[in-house]
Amino acid sequence: VGNGTTNSVGGTSGGAAYASTLINCTISGNFSRTLGAADGCTLNNSIIYYNFNGSYADCYQCQLTNCCTTLGLGNTTLKNNSISNAPGFLSLAGDYHLNPWSRCIDAGNSALTTNTVDLDGNPRIVGAAIDMGAFENQSPLQSAAHYVSLLGTNPVSPYTNWLTAATNIQDAVGAAQTGEFVVAGDGVYSNGGTVLFGAETNVVVLTNGVTL
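This report concerns the structure included in the present document. Not measured: the values here are computed from a predicted model. (Residues numbered from 1 in each chain as written. Predicted model: local features only at pLDDT ≥ 70, side-chain atom pairs only at ≥ 80, totals over all residues. Heavy atoms only, no water.)

### Regarding the overall build of the protein
Step number 1: When you go through the protein residue by residue, the secondary structure sums to one helix and 16 strands.
Step number 2: A compact globule built from 212 residues should have a C-alpha radius of gyration of about 17 Å, and the protein, at 19 Å, falls within 12% of that.
Step number 3: In terms of overall dimensions, the protein has C-alpha extents of about 65 × 35 × 30 Å along its principal axes.
Step number 4: Counting the 212 residues in the protein, one finds 47% classified as buried.
Step number 5: Taking the contacts inside the protein whose residues are at least 6 apart along the sequence as the reference set, 33% of them involve residues at least 24 apart.
Step number 6: Accessible surface computed for the protein: about 9,900 Å², of which carbon and sulfur atoms make up 52%.
Step number 7: Each charge class in the protein was averaged separately, 4 positive and 12 negative side chains, and the resulting centres sit 14 Å apart. (Helix = DSSP H or I, 4+ residues; strand = E, 2+ residues; numbered from the N terminus. Rg over C-alpha atoms; globule rule 2.2 N^0.38 Å. Buried < 20%, exposed > 50% of the residue type's maximum accessible area, 1.4 Å probe, protein only. Contact = heavy atoms within 4.5 Å. Areas by Shrake-Rupley, 256 points an atom, 1.4 Å probe, with all protein chains shown as cover. Lys, Arg positive; Asp, Glu negative; His and termini not counted. Charge placed at Lys NZ, Arg CZ, Asp CG, Glu CD.)

### Examining the pattern of salt bridges
Step number 1: Inspection of the entire model under this criterion finds one salt bridge.
Step number 2: Between Arg 124 and Glu 136 there is a salt bridge; the shortest N-O distance is 2.9 Å. With Arg 124 in the loop between strand 12 (95-98) and strand 13 (145-148) and Glu 136 in the loop between strand 12 and strand 13, this residue pair connects regions lying twelve residues apart in the sequence. By the burial criterion, Arg 124 is buried, and Glu 136 matches it. (Salt bridge = Lys/Arg side-chain N within 4 Å of Asp/Glu carboxyl O.)

### Section: the packing of aromatic side chains
Step number 1: Summed over all chains, the structure comprises six aromatic pairs.
Step number 2: With 4.8 Å between their ring centres and 55° between their planes, Tyr 147 and Trp 162 make a pair best called tilted. A residue pair is termed long-range when its members are at least 10 positions apart, and Tyr 147 in strand 13 and Trp 162 in the loop between strand 13 and helix 1 (169-175) qualify at 15 residues.
Step number 3: Judged by relative accessible area, which is 0%, Tyr 147 ranks as buried.
Step number 4: Here a set of aromatic residues connected by ring pairs shows up, and it is made of Tyr 49, Tyr 50, Phe 89 and Tyr 96.
Step number 5: The residue whose ring lies beneath Arg 103 is Trp 162, and the NZ or CZ to ring-centre distance is 3.9 Å. (Phe/Tyr/Trp six-rings, centres within 6.5 Å; stacked < 30°, edge-to-face > 60°. Lys NZ or Arg CZ within 6 Å of the ring centre and 35° of its normal.)

### So, the pairing of strand 12
Step number 1: Judged by which residues are buried, strand 12 turns out to be one-sided: Tyr 96 and Leu 98 face inward and are buried, whereas Asp 95 and His 97, on the alternate face, are not.
Step number 2: Hairpin remark: strand 11 (residues 89-91) followed by strand 12, antiparallel, with three residues in the connecting loop; positive phi at Gly 94, about 130°. (Pairing = 2+ DSSP bridges.)

Bear in mind that shape data such as this cannot, by itself, settle questions of function.
Okay, here's the thing in structure tokens:
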């Protein structure tokens, strides 16, 4: 299955998918008594979040590559560039498009996609890499954003996606141009900064007309 969404009620073996292969799918709002919304599946570039599975994680004994899902019983570790951050849907009421600051944007593996368009019929790859989930973010704001993450391990200026995010806010501010955006992930930022007046260093100084 490629470019799909699910919303269903299941039994005990996967509320949405069982022993299936799913590529660029969004699985949300499903119910199963146990064993997760996806049970024994292979999932690539997919989002499996906000399902109702008792005490189990959203995925149960699944093979995940570049996916966004929860940790818990049946899924205690994330491998192959998968993440557990909330996906950042536009609405939990059923709008599974991604907001411009979602960590699922540009976080997929482009080589694993099977479609040239997303579920809306829009271009499937916009930006540095394919997005996770059924919908590719088309926002023009995305190309004008610079990212900061305390968990970043590969900061590369100008920090235009989460994979190359800066590890302190001031670095991203310095890389942004007037009118652009700097998006910081959750956390307490105490490193970095610059001197504005005298010798005192400020952790964040906004001097170039950006939105933080």
